[in-house]
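Below are the chains, spelled out letter by letter.
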Amino acid sequence: MDTSDTTKPCNRGWPLVLLPLPLQGHINPMLQLANILHSKGFSITILHTRFNAPNPTNYPHLSFLSIPGVVVDGNISVSSIVGILNFIEYLNDKCFNPIKEYVFVTSVADELKLPRIVHRTSSVSSFLLFAAFPVIRDMGYFRRYSDEAFFVLSQSYEHFFAEMKSEALVKGFEPLKIKDLPKFLTSDPEGPFHKYFHASSSSLLAQDQTSISWLDKHPHNSVLYVSFGSLASIEEPEFLEIAWGLANSKQPFLWVVRPGSIKGSEWLETLPDGFLERNVERRGYIVKWAPQQEVLAHPSTGGFWTHNGWNSTLESICEGVPMICSPSFGDQFPNARYVSDLWKIGTVLENGFERGEIEGAVKRVMVDKEGTEMRNRVMNLKGKVDKP
Ligand code: UDX
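Our subject in this report is the structure included herewith. Just so we're clear, the structure is a prediction, and the values are computed from it rather than from any experiment. (Residues numbered from 1 in each chain as written. Predicted model: local features only at pLDDT ≥ 70, side-chain atom pairs only at ≥ 80, totals over all residues. Heavy atoms only, no water.)

1. What to know about unusual backbone geometry
Inference 1: Non-glycine residue Asn221 carries a positive phi angle of around 55°.
Inference 2: Within the element layout of this structure, Asn221 appears in the loop between helix 9 (210–216) and strand 4 (223–227).
Inference 3: A relative accessible area of 26% means that Asn221 is categorised as partly exposed.
Inference 4: Here Glu281, not a glycine, exhibits a phi torsion of approximately 55°, which is positive.
Inference 5: Assignment of secondary structure puts Glu281 in the loop between helix 11 (275–279) and strand 6 (284–287). (Helix = DSSP H or I, 4+ residues; strand = E, 2+ residues; numbered from the N terminus. Buried < 20%, exposed > 50% of the residue type's maximum accessible area, 1.4 Å probe, protein only.)

2. Quick word on the packing of aromatic side chains
Inference 1: This structure, assessed with the given rule, holds 11 aromatic pairs.
Inference 2: Seen in terms of ring centroids, Trp214 and Tyr285 are 5.5 Å apart; in terms of plane orientation they differ by 10°. Their pairing is stacked. Here the residue Trp214 occupies a position in helix 9, and Tyr285 occupies one in strand 6, the gap between them amounting to 71 residues.
Inference 3: Here Trp214 falls in the buried class, since its relative accessible area comes to 8%.
Inference 4: Residue classification places Tyr285 among the partly exposed residues on the basis of a relative accessible area of 25%. (Phe/Tyr/Trp six-rings, centres within 6.5 Å; stacked < 30°, edge-to-face > 60°.)

3. Some words on the nonpolar core
Inference 1: Of all hydrophobic cores here, the largest spans 29 residues; its most connected members are Leu224, Phe239, Ile242, Leu246, Trp255, Trp305 and Ile324.
Inference 2: Listed by contribution, the elements that provide at least two residues to this core are strand 4, helix 10 (236–249), strand 5 (253–256) and helix 15 (355–366).
Inference 3: Dropping the residues within four chain positions of it, Leu246 is found in contact with Leu224, Val226, Gln251, Phe253, Trp255, Trp305 and Ile358.
Inference 4: Core analysis: the second largest hydrophobic core is formed by 23 residues, Ile212, Leu215, Met323 and Val339 among them. (Core = buried A, V, L, I, M, F, W, Y, C linked by side-chain atoms within 4.5 Å. Contact = heavy atoms within 4.5 Å.)

Shown next, in the form of structure tokens:
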């Protein structure tokens, strides 16, 4: 074990070792959980890869141990479900032995009867949905069901199915069977974690604070916040459709364009020269990464166009912000369906990125009566989440 960047363990309380998947959407809730558990008196060690390592100086009260040997090169892309599954497979392969050798392993934990917990970052419903995939597949629904949740995953579901079957997703922790699921789920769920601890300290990218001073200049509920999370990437024509849709809607927007998230581009260079000056003027502001929780909590933010990662979805609900949904992969599809069809606090862009549909959706959520109704419903939901 490489302990060169290990901070001094604080020897208080029962020891707990947390191992986050090294991706932003997993690191945030895991470090929030670490803080919650620390506040309950546990002594916490975070096991992490050097790739996407958290910054230990933000957490002097936690200990950090680096797992050696995880080198992420350009061949691994985590912007698709297949890429993520390959990445998990790679991590399982590279991390299992060091963890086994130096820290603990299931067989040891079993022998000593040590309790262990798997922290899923997705919602319970999508977790159950994924766990049911083999059954759904065996019943033949993949060929008939047309919802994107199945459709997109069906492109890679053979792979996904193999992963679920081989239990690689939970390797080293809990082999899962659907009939056993209830006993793995707590009946008294904690969370949302971010209400206890802000995600800003675990952000892997610098959050542009000018987002907040820009929002300060705008009226209540007038700005649409646009961000598709830390992984999703889009094609150049889609990027241009988004830009035109936003411009044509004539509504103010704060848009996070993560560097590298447009395939083949570094940042904004594919926007035609003078596009923003001619079509947007001061109505739009583009940043590379925003302090998302603060943005959603800002009174000027009136809507969130999101990819519906579960963190983003929860953060939006907790601030009472209605959504435009553009899910990209995995749990984002069922999350978007919950937002639009069940809770009715948002609308899904059903045809990908098309400027006319985007313009219509932005107006519906930001200006129309329908948007006000969505805002009322999400405020109601926020009230339920706020209840102690
Ligand atoms: C991934 C999956 O996509 C998601 O579906 C799964 O539920 C968790 O892992 P990601 O795509 O990054 O996560 O989305 P999300 O879950 O929304 O997490 C993004 C996090 O980054 C949020 O906590 C958000 O507050 C933060 N963020 C995002 C910023 O701090 N600044 C930004 O500009 C954008």
